[in-house]
Amino acid sequence: MIARIPLVLEPQPEGGYTVTSPLLPELITEGDTVAEALANAEDAFAAVAEIYQDRGRPLPSGIYFDDAKGPLSVEAIVSVP
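Structural notes, computed from the coordinates.

### Looking at the overall build of the protein chain
(1) Moving on: Helix and strand content of the protein chain: 1 helix and 5 strands.
(2) Moving on: Among the 81 residues that make up the protein chain, the fraction classed as buried is 21%.
(3) Moving on: Taking the intrachain contacts of the protein chain between residues at least 6 apart in sequence as the baseline, contacts between residues at least 24 apart amount to 33%.
(4) Moving on: Carbon and sulfur atoms make up 55% of the accessible area of the protein chain, which amounts to about 6,000 Å² in all.

Written out as structure tokens, the structure reads:
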């Protein structure tokens, strides 16, 4: 399963990033690099999805699921000079 969820990576003064999602207030994680923060967000999302399932709650409608065998749609923020 591939889920598309909005994430906010906030740089921290001491270094690294805190990751949250405006759709899932329960999703909070961090990482020293963007790559690590995103990997940790995957684990955090899996835990949150399990909690929702255990409680019989549907995930918010703004979360989309892609077919893992089909094309993958991603969004990225890039810096333009």
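### Structural notes on the nonpolar core
(1) Moving on: Ranked by size, the top nonpolar core spans 12 residues in total: Ile-5, Val-19, Leu-24, Leu-27, Ala-37, Ala-41, Ala-44, Phe-45, Val-48, Ala-49, Tyr-52 and Ile-63.
(2) Moving on: Ranked by the residues each element gives to this core, the list is headed by helix H1 (residues 34-54), at 7 residues.
(3) Moving on: Among all residues touching Ile-5, those that are not within four sequence positions of it are Leu-27, Phe-45 and Ile-63.

### Here's the deal with the pairing of strand S4 (residues 28-31)
(1) Moving on: By the alternation rule, side chains of S4 split into Thr-29 and Gly-31, which are all buried, and Ile-28 and Glu-30, of which none is buried.
(2) Moving on: Relative to S4, strand S3 (residues 17-20) runs antiparallel, the two being bridged by 4 bridges. In the sheet register, Val-19 faces S4, and the bridge partner there is Thr-29.

### With respect to the side chain of Thr-29
(1) Moving on: Summarising the element assignment, Thr-29 is placed in strand S4.
(2) Moving on: Taking the relative accessible area as the measure of exposure, Thr-29 reaches 16% and is therefore buried.
(3) Moving on: If we ignore the near neighbours within four places in the chain, the residues touching Thr-29 are Tyr-17, Thr-18, Val-19, Ala-37, Asn-40, Ala-41 and Ala-44.

### Remarks on a nonpolar patch on the surface
(1) Moving on: Taken together, the side chains of Leu-7, Val-34 and Leu-38 make up a nonpolar region of the molecular surface, amounting to roughly 200 Å² of accessible area.
(2) Moving on: Looking at Leu-7, the relative accessible area reads 31%, which means it is partly exposed.

### Some thoughts on the packing of aromatic side chains
(1) Moving on: Applying the stated rule across the entire model yields 0 aromatic pairs.
(2) Moving on: The ring of Tyr-52 is capped by Arg-57, whose NZ or CZ atom sits 4.3 Å from the centre of that ring.

### Points about the side chain of Ser-21
(1) Moving on: Positionally, Ser-21 belongs in the loop between S3 and S4.
(2) Moving on: Accessibility expressed as a relative area gives 5% for Ser-21, which makes it buried.
(3) Moving on: Here Pro-6 takes part through its backbone oxygen, which lies 2.7 Å from a polar atom of the side chain of Ser-21.
(4) Moving on: If we ignore the near neighbours within four places in the chain, the residues touching Ser-21 are Pro-6, Leu-7 and Leu-27.

Rules of the game
- Residues numbered from 1 in each chain as written.
- Predicted model: local features only at pLDDT ≥ 70, side-chain atom pairs only at ≥ 80, totals over all residues.
- Heavy atoms only, no water.
- Helix = DSSP H or I, 4+ residues; strand = E, 2+ residues; numbered from the N terminus.
- Buried < 20%, exposed > 50% of the residue type's maximum accessible area, 1.4 Å probe, protein only.
- Contact = heavy atoms within 4.5 Å.
- Areas by Shrake-Rupley, 256 points an atom, 1.4 Å probe, with all protein chains shown as cover.
- Core = buried A, V, L, I, M, F, W, Y, C linked by side-chain atoms within 4.5 Å.
- Pairing = 2+ DSSP bridges.
- Patch = residues over 30% accessible without salt bridge, like charges linked within 9 Å, V, L, I, M, F, W, Y side chains within 5 Å.
- Salt bridge = Lys/Arg side-chain N within 4 Å of Asp/Glu carboxyl O.
- Phe/Tyr/Trp six-rings, centres within 6.5 Å; stacked < 30°, edge-to-face > 60°.
- Lys NZ or Arg CZ within 6 Å of the ring centre and 35° of its normal.
- Polar contact = N/O pair within 3.5 Å; in protein donor to acceptor, adjacent residues only side chain to side chain.

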